[in-house]
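Here is what each chain is made of, one letter per residue.
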Amino acid sequence: MAAKLAGPPGESRFHVEANSTINVTPFVDVMLVLLIIFMVAAPLAAPSVKVDLPPAVTKPTTTPPKPMYISIQENGDLYLLNSRTTDSALGADLNKAIGKRDPTKERIYIRADKGTQYGAFMDVMTALQDSGYYSVALVGIDQNGGKGSAS
């Protein structure tokens, strides 16, 4: 802001005019301080202990685990892979099919007919949870390509 102390006769003695220039000095000061802070802090963020890390190479599995599909037909018939089963025998049949693998790490894929009753689906989900299978994926059909997709 600027103030004019004397002016032409007839005007007030103090006349305030707008100053439209930007003062960039505080901006430059702040930027320089931030630059110094980052220059000092950057070397501190790097790890100071040198470690010769071994390479992480894994051998690819020659036989990946077979995916477990449970199919529910519209009439309520239940299939594990290609063999028919029931809600009460589902846990035992799954344990027999996966063998010695950990059931908590197994992913089970459920395929259900679109006309399947919700109660039949929930019976299957309950049987899976009672047997210790908690990772479940639902298989649907992609509207564009017709291929199955899991969610």
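As a starting point, this report considers the structure included with it. Worth saying up front: this structure is predicted, and the values here are computed from it rather than measured.

### Comments concerning the overall build of the protein chain
Now for step 1: Counting its secondary structure elements, the protein chain contains three helices and eight strands.
Now for step 2: Secondary structure elements in the protein chain, listed N-terminal to C-terminal, are β-β-α-β-β-β-α-β-α-β-β.
Now for step 3: The buried share among the 151 residues of the protein chain stands at 17%.
Now for step 4: In the protein chain, the proportion of contacts linking residues at least 24 apart, taken out of those at least 6 apart, comes to 51%.
Now for step 5: Within the structure as shown, the protein chain displays about 12300 Å² of accessible surface, and the carbon and sulfur contribution to it stands at 59%.

### Comments concerning helix α3 (residues 118–130)
Now for step 1: For α3, built from 13 residues, the straight-helix expectation of 18 Å at 1.5 Å per residue is met to within 8% by its first-to-last C-alpha distance of 18 Å.
Now for step 2: G132 lies just past α3 and shows a positive phi near 95°.

### Re the nonpolar core
Where a protein is soluble and globular, its nonpolar side chains tend to be buried together.
Now for step 1: Counting residues in each nonpolar core, the largest one holds 16 residues, and the members touching the most others are I70, L90, L94, I108, I110, V124 and L128.
Now for step 2: Considering each element in turn, this core owes the most residues, five residues, to α3.
Now for step 3: The residues contacting L94, other than those within four sequence positions of it, are M68, I70, L80, I108, L128 and Y133.

### Overview of unusual backbone geometry
Now for step 1: Not every positive phi belongs to a glycine, and L81 is a case in point at roughly 55°.
Now for step 2: Take L81: it is sitting in the loop between β4 (78–80) and β5 (83–85).

### Overview of the pairing of strand β6 (residues 107–112)
Now for step 1: Inspection of the sheet shows strand β3 (residues 68–72) paired to β6 by five bridges, in the parallel sense. Bridge assignment links I70 to a residue of β6, and that residue is I110.
Now for step 2: With four bridges joining them, β6 and strand β7 (residues 135–141) adopt parallel strand pairing. Looking at the pairing, R107 lines up with S135 of β7.

### A few points about the environment of N75
Now for step 1: Mapped onto the secondary structure, N75 falls in the loop between β3 and β4.
Now for step 2: A residue is classified by how much of its surface remains accessible, and N75, at 57% relative accessible area, is exposed.
Now for step 3: Between the alpha carbons of N75 and T116 there is a distance of 7.0 Å; along the sequence they are 41 residues apart.
Now for step 4: From its side chain, N75 meets the backbone nitrogen of D77 in a polar contact 3.1 Å long.

### Some words on the pattern of salt bridges
Now for step 1: All chains considered together, the criterion is met by one salt bridge.
Now for step 2: Here R84 and D77 are joined by a salt bridge, their closest N and O atoms 2.5 Å apart.
Now for step 3: Classification of D77 by relative accessible area gives buried; the value is 17%.

### Description of the side chain of S71
Now for step 1: Assignment of secondary structure puts S71 in strand β3.
Now for step 2: Given a relative accessible area of 13%, S71 falls into the buried group.
Now for step 3: Here the side chain of S71 touches R111 through a polar contact of 3.0 Å, side chain to side chain.
Now for step 4: Each residue touching S71, except ones within four places of it in the same chain, is listed here: D77, L78, Y79 and R111.

What counts, and where the lines are drawn
- Residues numbered from 1 in each chain as written.
- Predicted model: local features only at pLDDT ≥ 70, side-chain atom pairs only at ≥ 80, totals over all residues.
- Heavy atoms only, no water.
- Helix = DSSP H or I, 4+ residues; strand = E, 2+ residues; numbered from the N terminus.
- Buried < 20%, exposed > 50% of the residue type's maximum accessible area, 1.4 Å probe, protein only.
- Contact = heavy atoms within 4.5 Å.
- Areas by Shrake-Rupley, 256 points an atom, 1.4 Å probe, with all protein chains shown as cover.
- Expected span 1.5 Å × (residues − 1).
- Core = buried A, V, L, I, M, F, W, Y, C linked by side-chain atoms within 4.5 Å.
- Pairing = 2+ DSSP bridges.
- Polar contact = N/O pair within 3.5 Å; in protein donor to acceptor, adjacent residues only side chain to side chain.
- Salt bridge = Lys/Arg side-chain N within 4 Å of Asp/Glu carboxyl O.

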